[in-house]
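The chain contents come next:
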Amino acid sequence: MNELYDESYFRSYIDEANDPLYAKRVRMYRQEIARIEKHVTGGAVLDVGCGTGGFLSLFDGTYCKYGTEVSQFARERARERGIDFDWDRNRVEQFDLV
């Protein structure tokens with residue numbers, strides 16, 4: 001499965017790509033975060049299938065950011081953005097937002 005989600009798949013998810021879809025995606029992410037923050041402000045957030053971490057990276061420093069991702073390429077990019085993949089899979093109650 002990893003080979004299905006390589007660098008070419010995530011091209012428009014990476015800022016350096018200069019893809020107009022990237023800017024559109026960031027606007028959408030910011031709108032979603034604004035809706036979320038009406039209910040949750042800070043804590044631990046888990047993004048299942050976090051890709052390159054673009055969504056999580058837009059949460060401010062009051063959040064601990066965790067992810068899951070099948071693509072090794074995307075996980076590496078997400079780690080560069082400060083996304084943590086090491087968490088206790090047996091304790092979902094550790095998250096304030098999933």
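Our subject is the structure listed above.
Residues numbered from 1 in each chain as written. Predicted model: local features only at pLDDT ≥ 70, side-chain atom pairs only at ≥ 80, totals over all residues. Heavy atoms only, no water.

## A closer look at the packing of aromatic side chains
As enumerated under the stated definition, the model contains five aromatic pairs in all. Measuring from ring centre to ring centre gives 5.5 Å for Tyr66 and Phe95, while their planes differ by 70°; the resulting arrangement is edge-to-face. In this pair, Tyr66 sits in strand E2 (residues 63–68) while Phe95 sits in the segment after helix H3 (72–80), placing the two residues 29 residues apart along the sequence. Just as Tyr66 is buried, Phe95 falls in that class too. Chaining the aromatic ring pairs together yields one cluster made of Tyr29, Phe55, Phe59 and Tyr63. Over the ring of Trp87 we find Arg89; its NZ or CZ atom is 4.1 Å from the centre of that ring. (Phe/Tyr/Trp six-rings, centres within 6.5 Å; stacked < 30°, edge-to-face > 60°. Helix = DSSP H or I, 4+ residues; strand = E, 2+ residues; numbered from the N terminus. Buried < 20%, exposed > 50% of the residue type's maximum accessible area, 1.4 Å probe, protein only. Lys NZ or Arg CZ within 6 Å of the ring centre and 35° of its normal.)

## Observations concerning the environment of Glu32
Structurally, the position occupied by Glu32 is in helix H1 (residues 20–36). C-alpha of Glu32 to C-alpha of Gly43: the two residues are 11 residues apart in sequence and 17 Å apart in space. One polar contact links Glu32 to Arg35, side chain to side chain, over a distance of 2.7 Å. (Polar contact = N/O pair within 3.5 Å; in protein donor to acceptor, adjacent residues only side chain to side chain.)

## What about the side chain of Asp47?
Take Asp47: it is sitting in strand E1 (residues 43–48). With no salt bridge to any partner, buried Asp47 finds its closest opposite charge in Arg81, at an N-O distance of 9.3 Å. For Asp47, the residues in contact, after removing those within four places along its chain, are Phe55, Leu56, Tyr66, Gly67 and Thr68. (Lys, Arg positive; Asp, Glu negative; His and termini not counted. Salt bridge = Lys/Arg side-chain N within 4 Å of Asp/Glu carboxyl O. Contact = heavy atoms within 4.5 Å.)

## Regarding the nonpolar core
In terms of nonpolar packing, the biggest core is built from 14 residues, with Ile36, Val45, Cys50, Phe55, Leu56, Phe59 and Ile83 touching the most fellow members. Those elements that provide at least two residues to this core are H1 and helix H2 (54–57). Ranked by the residues each element gives to this core, the list is headed by H1, at three residues. Setting aside residues no more than four positions away along its own chain, Ile36 makes contact with Phe55, Phe59 and Leu97. In terms of nonpolar packing, the next biggest core, distinct from the first, is built from five residues, Ala44, Tyr66, Trp87 and Phe95 among them. (Core = buried A, V, L, I, M, F, W, Y, C linked by side-chain atoms within 4.5 Å.)

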